[in-house]
Every structure is written in C-alpha cells, then in structure tokens.
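In case you want the letters, here they are:
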Amino acid sequence: MRHLTPLGRDHDAVEMIDRPASFDDVAGCLETIARLNGLFGGRRLTLRHVRDLLAPLPPDRPVTVLDVGAGAADIPVALVRWARRGGRRIRVLALDRGTATLKYARGYAAAYPEITFVQGDALALPVRPGSVDLVISAMTLHHLQPDEATRYLAEMDAAARLGWVVNDLVRGRAAHHLVWLLTRIFSRSAIARHDGPVSILRAYTPPELAALCEKAGLFDVKVVHYAVFIRQCAVRAKPSAR
C-alpha cells in the first residue's frame, strides 16, 4: 500500500534559508528553529552527548568546542550556560556561512563572551586538525547531499581531539506531517513554514547516516535514534580520548 512505502529522500528539494533572503526573513526562521530546539529536545540531546564526551576530563580542564552550522547560536548559549553552572571554563567557536545568520546569532548571544563567531564553510573548516576538543553540529546535515555529507563528517572528525556530535532530523512520513503542523502552530515565518517540512524530506534515516559515516572512514560512530523527538545523534568518542 502507498502509505506503507518508505519515504525516499528528496535530493532536489531546496530550502529557502539556503537562498539569499532579507535579514528579517532569516531572523524569523532562526527564531523558530531556536524555539523548536528548546521545546522539543534539540538542545538537550546535544548537551547530553557533550556531557558524556567531557565526563573523563578533570572539571578544571578548559574546553574548546566548535559548532558547525551554529544558526541562531542557541546551542552554544545553552552549552555556555551549562559550563557556567558547573564552573567549567569553555570557549565556543560558532561557525556559519551566512552573513545574516551570523548577525542574528551575535545579537542572540551578546551576553556570552565565551562564544566567538566565525564565518566559514562546513565542507572546509577554517581550523587546524585536532585544534578543538569537541565539534558539534545540529540541523546542518540534512542540507548536504551525500558526497557533501561525507566530507562534512570527515572535516569535523579531523578538527576534533576528543570527539564530535551531529544532531539532525530523521526522515519519515509521520515526521513530515508533524513538522508541517508544528511550524504552523509555532511560527509566522514563511521560510520556517516552507523549510520545516522540506527539511524532513531532505533528512537521512539512521541507517543512511551510519552508512555516510562509514563512507567517511569512520566505523566506530554510534548513531542513536530519538524517535519521539524526530531526531538522531551520531556520536564519536575518538579512541585516543577513551
């Protein structure tokens, strides 16, 4: 039956946020993403895995984190708040390629000097190999075609000394309908209302994500599916850090 047919990835779909747009339009979309990240676990899942990766380190050891595709910077802000509560020294490099996105994020994170903003490309990270402790990335993977995604994973792995976390959506029919509904309930942004459902169509399934990691030469990555949040996290603790 048609409704039981798996939902194939739409390789040709284009999100409006990936096209030129006014600052106000970008800001409305980023505000929606940050709100949904808070309401539906997006931030909490990344933070959970960051805490696990940092658990072996002494609490007084300074930590550097690179966020690839930082968007609104709501996850860097949440990470700095967590570090402050625990008395841990942290520096977060928030990387994004969009000028309007970085402008919005700088305003969002103005009270957090621990965050430094960098304009750059996820496929050619402007950092030296092994120059940061952790790399995190959320809601970026689905923007990339498979060959790009493989390069993105390899770039993050090279940059990280200890490990990395990729947090992204999971493709599925129910997820597509739910995200369509949520973006209409929680947002007035035309970009968010268009891009939310399209993001699901562009997303990967957990087996597909595992295959991308293997294609990048990363065979010890743990892919965790959080079905209730329509999310998945790929996590790698580098062997030297275990």
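Now for a description of the structure that goes with this document. This is a predicted model, so every value here is computed, not measured.

Reading the values: rules and limits
- Residues numbered from 1 in each chain as written.
- Predicted model: local features only at pLDDT ≥ 70, side-chain atom pairs only at ≥ 80, totals over all residues.
- Heavy atoms only, no water.
- Buried < 20%, exposed > 50% of the residue type's maximum accessible area, 1.4 Å probe, protein only.
- Helix = DSSP H or I, 4+ residues; strand = E, 2+ residues; numbered from the N terminus.
- Pairing = 2+ DSSP bridges.
- Right-handed = clockwise from strand over helix to strand, strands pointing away.
- Core = buried A, V, L, I, M, F, W, Y, C linked by side-chain atoms within 4.5 Å.
- Contact = heavy atoms within 4.5 Å.
- Axes fitted to C-alpha atoms, helices over the stretch in contact; angles between N-to-C directions.

1. Looking at the pairing of strand β2 (residues 90-96)
Most of β2 sits inside the fold, with six of its seven residues counted as buried. Both strand β1 (residues 63-68) and β2 contribute to a ladder of six bridges, which runs parallel. Across the sheet, the residue bridging to L66 is L93, located in β2. Handedness of the β1-helix α3 (residues 74-86)-β2 crossover: right-handed.

2. Side note on the nonpolar core
One finds L54, V65, L79, I90, I115 and F117 to be the most contacted residues of the largest nonpolar core, which totals 34 residues. By residue number, the principal contributor to this core is α3, which donates seven residues. Not counting chain neighbours up to four residues away, the residues in contact with L54 comprise V63, W82, R88, L134 and L162. Counting 27 residues, the second largest nonpolar core, distinct from the first, contains A122, L144, L153 and C213.

3. Things to note about the sheet that holds strand β7 (residues 231-237)
Spatial strand order, β3-β2-β1-β4-β5-β7-β6: seven strands in an open sheet with mixed pairing. Edge positions in the open sheet fall to β3 (115-119) and β6 (222-226), since each of these has one partner strand only. Taking each pair of neighbouring strands and ignoring which way they run, the sheet shows an average axis angle of 20°. As paired strands, β6 and β7 are joined by five bridges and run antiparallel to one another. The residue of β7 that forms the bridge with H225 is Q232. Sheet strands in contact with helix α4 (residues 99-108) are β2 and β3, and its direction is about 170° off that of β3.

By themselves these figures say nothing about function.
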